[in-house]
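Notes for the structure review
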Amino acid sequence: MRKEVVLITGANGEIGHGLISHIAEKEKTHVLALDVMPLDESLRPMCERFIQGDILDQMLLGRLVAEYEIRTIYHLASILSTKAEYNPETAHKVNVEGTLNLLRLAVEQATWQGKPVKFLYPSSIAVYGIPDLQTKNSSNKINEEMWCQPTTMYGCNKLYCEQLGRYYTKYYRQLAADRNSSGIDFRALRFPGLISAITTPTGGTSDYGPEMLHHAAMGKKYRCFVRPDTRLPFMVMPDAIKALLDLEKADKGDLSKLVYNVTSFNPSAQEFYNIVIEAFPNAEISFEPDIARQGIVDTWPADVDDTSAKNDWGWNPEFDQDRAFYEYLIPAVKARYT
Ligand code: SER
């Protein structure tokens, strides 16, 4: 008998860390972890198995089908927005072809098992592309249908993969004489900037938030690459994990969308700074905007409307801004670096 598992790609990334720890602690589920990089030693005992490999390696993915019964896929592997701009074609390969490979694997799994395979996909506020700063500043909360004109390769990749998820769920091989449902139950979250006390992001454009905090806690100088008035939605990692798990557990009949905004709080970079400097009075933080990265952030919404997630599957973040900083981030980073 093949062992029942959940597959987590990008397992060694920020969300992977949080998700694996949570599943190991709270759920009776075996985790099959996949990443191109080695998995942190601390996470290994929490996984049924770790495979170091590439989501572009179709032979590798094929072997997984033979060995495991995959109930749910958390497809977290991705090249983030800043890094993707340095090599857009590679980013496209990893972000889009990689996702296509995982969707294909999910179809095969569902066919073998004769039941749907859930496909959880972290999308992003990067799918939005607001045309100018004046429009950003005068807009109310942005809902899922507005301004879907991304200006980054990463944003284009995320938006297109949402569409692929919709295609596989609803229209897969729609002209085939022997047409069956693909068996994929695709569910996506458009995450805001994520902040973890345990890990730091690599290659994102919302990274100024977490970087400011972690540098201050480490006693390192930080040059913030956006203007003080820059505003983006954010969420702490425990809430991002909660969102993924809550959406996974939701009844399909309750879901009116395949893709949901989720958010928690949205400080300006100045407000972020004020909180960090209060907690770490000796921190050396300066604002030195990088015009190009600032340009990307200026196309992302200052806030998003997550009413659908609240109404459909009861989304409710546990950490508002005060709780996030004073009960989670600041005590945890202080403990981590001292
Ligand atoms: N945090 C991501 C980035 O900055 C957006 O999803 O790339």
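One can find the structure itself at the top, above this paragraph.
The sections below set out a description of the structure shown in this document. (Residues numbered from 1 in each chain as written. Predicted model: local features only at pLDDT ≥ 70, side-chain atom pairs only at ≥ 80, totals over all residues. Heavy atoms only, no water.)

Quick notes on the pattern of salt bridges
Rules: The rule for a salt bridge is simple: a side-chain nitrogen of Lys or Arg has to be within 4 Å of a carboxyl oxygen of Asp or Glu. Helix numbers and strand numbers start at the N terminus; a helix is a DSSP run of H or I with at least 4 residues, a strand a run of E with at least 2. Three labels apply to residues, based on accessible area from a 1.4 Å probe with only protein chains included: buried if under 20% of the type maximum, exposed if over 50%, partly exposed otherwise in between.
Applying the stated criterion across every chain, the model contains 22 salt bridges. As a salt-bridge pair, Glu4 and Arg71 come within 3.1 Å of each other at their nearest N and O atoms. Taken together, the positions of Glu4 in strand S1 (residues 3-9) and Arg71 in strand S4 (residues 68-75) put the pair 67 residues apart, joining distant regions of the chain. The partly exposed category is assigned to Glu4, whose relative accessible area is 38%. Its relative accessible area of 29% is what places Arg71 among the partly exposed residues. Close ionic contact of Asp298 with Arg227 constitutes a salt bridge, the shortest N to O distance being 3.5 Å.

As for the site of the ligand
Basically, it comes down to this: Nearness is judged by heavy atoms alone; a residue qualifies as near a molecule or strand once a single heavy atom is within 4 Å of it. Polar contacts here mean pairs of N or O atoms no more than 3.5 Å apart (in protein, one a potential hydrogen donor and the other a potential acceptor; neighbouring residues in sequence count only if both atoms are side-chain atoms). For the accessible areas, the method is Shrake-Rupley and the probe is 1.4 Å, while residue cover comes only from the protein chains on display. Only Asp, Glu, Lys and Arg are considered charged, only Ala, Val, Leu, Ile, Met, Phe, Trp, Tyr, Cys and Pro nonpolar, and every remaining residue, Gly among them, polar.
Every residue close to the ligand is listed here: Leu80, Ser81, Ser124, Tyr154, Gly204, Thr205, Ser206 and Trp300. Between an oxygen atom of the ligand and a side-chain N or O atom of Ser81, the distance comes to 2.5 Å. Within the contact set of the ligand, an oxygen atom lies 2.5 Å away from a backbone nitrogen or oxygen of Thr205. Compared with its free state, where it exposes 240 Å², the ligand has 91% of that area covered by protein. Taken together, the residues that form the shell around the ligand break down as 3 nonpolar, 5 polar and no charged.

Points about the environment of Ala24
Structurally, the position occupied by Ala24 is in helix H1 (residues 14-26). Considering only alpha carbons, one finds Ala24 and Met46, 22 residues apart in sequence, at a separation of 5.4 Å.

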